[in-house]
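Each chain is listed here by its residues.
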Amino acid sequence: DDLPAALAHRLPPTGCAVLGAVAPDIQVGLGGGAGGIECESDAAVMLAALPDAVVVPFGIEFVGAVDGPCEKLIAELSAIGAGWKAFIVYSCGRRTPHTEPFIHKIQAAFPGVAVVGGLCQRAFVSRPLDGGRRPGFDVQHVGNGVCGVALGGDAPVRSVVSRGVRSVVQPGGVPQPTSPLVAEEVLFSRPGDPAHVFAGSHRAPVHLIRKIRNRETGRVMEAVEMMMEQPDHDFIGIRRGHQDGFELHMIPPYSHSLQGYMVFTSGSESECEPLAGVELDFFQLSGPACVEDIDATIRGLRAETSRDEILGAVMFSCNGRGPQPGHLIRERMADAKRFAAGFPDVPCLGFYAGGEIGPLALAGKRGVFQTGGAAVQGFTAVFALFIVPKRVKVVYSDVDDRAESVARFIREKLALGEQ
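Calculation notes
Residues numbered from 1 in each chain as written. Predicted model: local features only at pLDDT ≥ 70, side-chain atom pairs only at ≥ 80, totals over all residues. Heavy atoms only, no water. Helix = DSSP H or I, 4+ residues; strand = E, 2+ residues; numbered from the N terminus. Buried < 20%, exposed > 50% of the residue type's maximum accessible area, 1.4 Å probe, protein only. Contact = heavy atoms within 4.5 Å. Areas by Shrake-Rupley, 256 points an atom, 1.4 Å probe, with all protein chains shown as cover. Lys, Arg positive; Asp, Glu negative; His and termini not counted. Charge placed at Lys NZ, Arg CZ, Asp CG, Glu CD. pLDDT = per-residue confidence, 0-100. Axes fitted to C-alpha atoms, helices over the stretch in contact; angles between N-to-C directions. Parallel < 35°, antiparallel > 145°, perpendicular 65-115°, else oblique. Left-handed = near helix turned anticlockwise from the far one by under 90°. Nonpolar A, V, L, I, M, F, W, Y, C, P; charged D, E, K, R; others polar. Pairing = 2+ DSSP bridges. Patch = residues over 30% accessible without salt bridge, like charges linked within 9 Å, V, L, I, M, F, W, Y side chains within 5 Å. Salt bridge = Lys/Arg side-chain N within 4 Å of Asp/Glu carboxyl O. Core = buried A, V, L, I, M, F, W, Y, C linked by side-chain atoms within 4.5 Å.

(A) A look at the overall build of the chain. Scanning the chain from terminus to terminus reveals 8 helices and 24 strands. Taking the principal axes of the C-alpha coordinates as reference, the chain spans close to 80 × 75 × 45 Å. Looking at the chain as a whole, 46% of its 419 residues qualify as buried. Residue pairs at least 24 apart in sequence account for 78% of intrachain contacts in the chain once pairs closer than 6 positions are excluded. Surface summary for the chain: the accessible area is close to 21000 Å², and the carbon and sulfur share equals 53%. Treating the 39 positive side-chain charges of the chain as one cloud and the 47 negative ones as another, the clouds have centres 1 Å apart.

Next comes the structure, spelled out in structure tokens:
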């Protein structure tokens with residue numbers, strides 16, 4: 001509890017933003033070439049200087065509906081117009097059900113922004129004194145709401161998400177970029193519709209996949225048949241159009257009684273588009289697959305950033321993934337260990353969350369970095385990397401644009417009959 005006050009007292013009074021979380025377990029990659037990791041310290045701090053970036057802290061206590069304060073924040077950030085690159089968001093307290101609609105609204109307003117973070121016990125964020133009218137800042141403690149920092153300007157942040165699953169459809173269980181299965185019959189309903197399964201207008205629109213067709217065999221099966229033939233799947237995967245991989249949606253326990261696979265939406269236009277004809281796959285959460293996926297993610301990161309300089313990273317792992325060995329992942333600090341091994345010179349800081357905020361996890365994806373489509377998820381590892389901006393070399397030409405030169409150029413062109 002003394003850390004926020006100490007930071008406010010010791011850090012520069014102007015041009016400084018602070019964001020912190022209180023969580024049961026932290027995870028730290030020490031960097032400096034040692035590749036060491038630890039989770040035992042009571043606190044950890046990462047400092048960064050981003051001289052050409054725009055950094056705006058924000059904090060919201062949810063005392064009622066999320067719409068009002070969220071729309072106010074969106075208006076403030078839009079007015080600044082800093083070319084936002086990333087939002088780091090911490091959510092805490094009893095109002096965490098408000099987190100999902102908050103994330104959806106922020107992402108819809110800024111679709112190209114990377115939104116990452118996690119659910120923690122408590123959080124704090126810096127707040128300029130007198131709205132910035134005098135130097136210095138104090139710290140706003142958030143108990144039931146969200147807080148974070150918006151990063152814009154020259155602040156290139158790249159986001160990554162990892163979650164390992166096994167396909168119950170593909171040979172060998174390895175997720176593939178495509179699938180022979182497609183949605184054949186899908187019911188769509190909005191709150192208030194007679195066919196909507198939930199009462200109350202606060203619920204989001206939903207898809208209910210009733211029939212599935214195998215394009216290779218031509219067989220059409222009821223959703224209940226799939227549930228009986230493959231009873232151990234945890235997720236339904238959906239690949240929309242040319243999407244890189246399958247979105248993973250948790251299968252509700254009441255799917256069998258509904259005789260269909262329910263897919264919840266945020267209410268956005270893209271998520272409410274018809275699902276008939278989209279590719280489907282079905283997945284089971286797997287500890288070994290989680291380890292394989294984080295290994296593949298780190299390899300992909302190293303390849304994608306081989307010519308970049310990484311300043312640091314923040315990492316949010318599900319508390320089911322560590323820090324101690326668990327039922328599915330039987331290693332200590334598996335995510336942090338692999339990041340430190342792949343990037344021994346890069347400091348990394350984060351915590352084990354009760355829900356991770358980041359781009360929607362995709363199975364069978366080819367790419368590494370993801371932006372947009374943020375959601376609150378489980379059993380994922382979410383990274384945000386701070387990469388040194390690349391300077392663009394500008395070549396200037398000495399152009400004689402004096403009035404007499406322009407007039408001579410026009411006369412010559414007209415004399416030659418050119419248009």
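(B) How the structure looks around the confidence of the model for the chain. In the predicted model, the chain carries a mean pLDDT of 86, and the fraction of residues at 70 or more is 91%. When pLDDT is averaged over each element of the chain, strand β14 (residues 220-222) comes out on top at 95 and helix α8 (residues 403-415) at the bottom at 71.

(C) Inspection of unusual backbone geometry at higher detail. Cis rather than trans, the peptide bond between Gly-322 and Pro-323 has omega equal to 10°. Examined against the element boundaries, Pro-323 turns out to sit in the loop between β19 (310-318) and α7 (334-342). A positive phi angle is found at Gln-259, which is not glycine, with a value near 55°. You can see Gln-259 is positioned in the loop between α5 (255-258) and β17 (261-264). For Phe-379, which is not glycine, the phi dihedral falls at a positive 55°. You can see Phe-379 is positioned in the loop between β23 (374-377) and β24 (381-387).

(D) Broad picture of the packing of helix α2 (residues 67-80) against helix α3 (residues 99-109). Running from N to C, α2 and α3 point in directions that differ by 30°, and their axes come no closer than 10 Å. Our classification of the angle between α2 and α3 gives roughly parallel. With respect to the hand of their crossing, α2 and α3 are arranged in right-handed fashion. Here α2 contributes Asp-67, Cys-70, Leu-73 and Ile-74 to the contact with α3, which in turn contributes Phe-102, Lys-105, Ile-106 and Ala-109. Counted by class, the contact of α2 with α3 contains 6 nonpolar, no polar and 2 charged residues.

(E) Highlighting the pairing of strand β21 (residues 356-359). Bridging between strand β6 (residues 114-120) and β21 involves 2 bridges; their strand directions are antiparallel. Paired with Gly-117 across the strands is Ile-357, a residue of β21. Pairing between β21 and β23: 4 bridges, direction antiparallel. In the sheet register, Ile-357 faces β23, and the bridge partner there is Val-376.

(F) Structural view of a nonpolar patch on the surface. Among the surface-exposed residues, Leu-3, Val-45 and Leu-47 lie close enough to one another that they form a single nonpolar patch of about 280 Å² accessible area. Classification of Val-45 by relative accessible area gives partly exposed; the value is 48%.

(G) The nonpolar core, seen in detail. Of all hydrophobic cores here, the largest spans 32 residues; its most connected members are Ile-88 and Tyr-90. The element best represented in this core is strand β5 (residues 86-92), accounting for 4 residues. When neighbours within four sequence positions are excluded, Tyr-90 is seen to be in contact with Leu-19, Gly-20, Ala-21, Gly-118, Cys-120, Ala-123, Gly-145, Val-146, Cys-147, Phe-316 and Phe-351. The next biggest cluster of nonpolar side chains, apart from the first, holds 24 residues, and it includes Phe-62, Ile-74, Leu-77 and Phe-110.

(H) Region of interest: the pattern of salt bridges. Tallied over the full model, the rule gives 14 salt bridges. Among the charged side chains, a salt-bridge network with shared partners connects Asp-295, Glu-331, Lys-337 and Arg-338.

(I) Local environment of the sheet that holds strand β9 (residues 145-153). Spatially, β4-β9-β5-β6-β21-β23 is the arrangement adopted by the 6 strands of the open sheet, whose pairing is mixed. Looking along the sheet, the strands with just one partner apiece sit at the ends: β4 (53-61) and β23. When strand polarity is set aside, the average angle formed by the axes of neighbouring strands in this sheet is 20°. For β4 and β9, the ladder comprises 9 bridges, and the chain directions are antiparallel. Residue pairing for β9: Pro-57 is matched across the bridge by Val-149. In this fold α2 packs onto β4, β5 and β9, with an angle of close to 165° to the strand it touches most, β4.

(J) Examining the sheet that holds strand β10 (residues 157-162) more closely. Taken in spatial order, the 6 strands of this open sheet run β3-β2-β20-β19-β24-β10, and their pairing is mixed. On the outer flanks of this sheet lie β3 (37-38) and β10, each paired with one strand and no other. Summarising the sheet, strand β2 (residues 26-29) and strand β20 (residues 348-353) pair through 4 bridges and their orientation is antiparallel. The residue of β20 that forms the bridge with Gly-29 is Cys-348.

(K) Broad picture of α7. Within α7, 7 of the 9 residues are buried, leaving the element largely enclosed by the surrounding structure. Among the residues making up α7, those that are buried are Ala-334, Asp-335, Ala-336, Arg-338, Phe-339, Ala-340 and Gly-342. Buried residues in α7 make contact with β2, β3, α6 (287-304), β19, β20 and β24.

(L) How the structure looks around the pairing of β24. With 7 of its 7 residues buried, β24 lies for the most part within the structure. Residues Ala-381, Phe-383, Leu-385 and Ile-387 line one face of β24 and the alternating positions Val-382, Ala-384 and Phe-386 line the opposite face, and both faces are buried. Judged from the 6 bridges that link them, β10 and β24 form a sheet pairing that is antiparallel. Within β24, the position partnered with Ser-162 by the bridge is Ala-381. Bridge count for β19 against β24 is 7 bridges, and the pairing is antiparallel. Bridge pairing links Met-315 to Phe-383 in β24.

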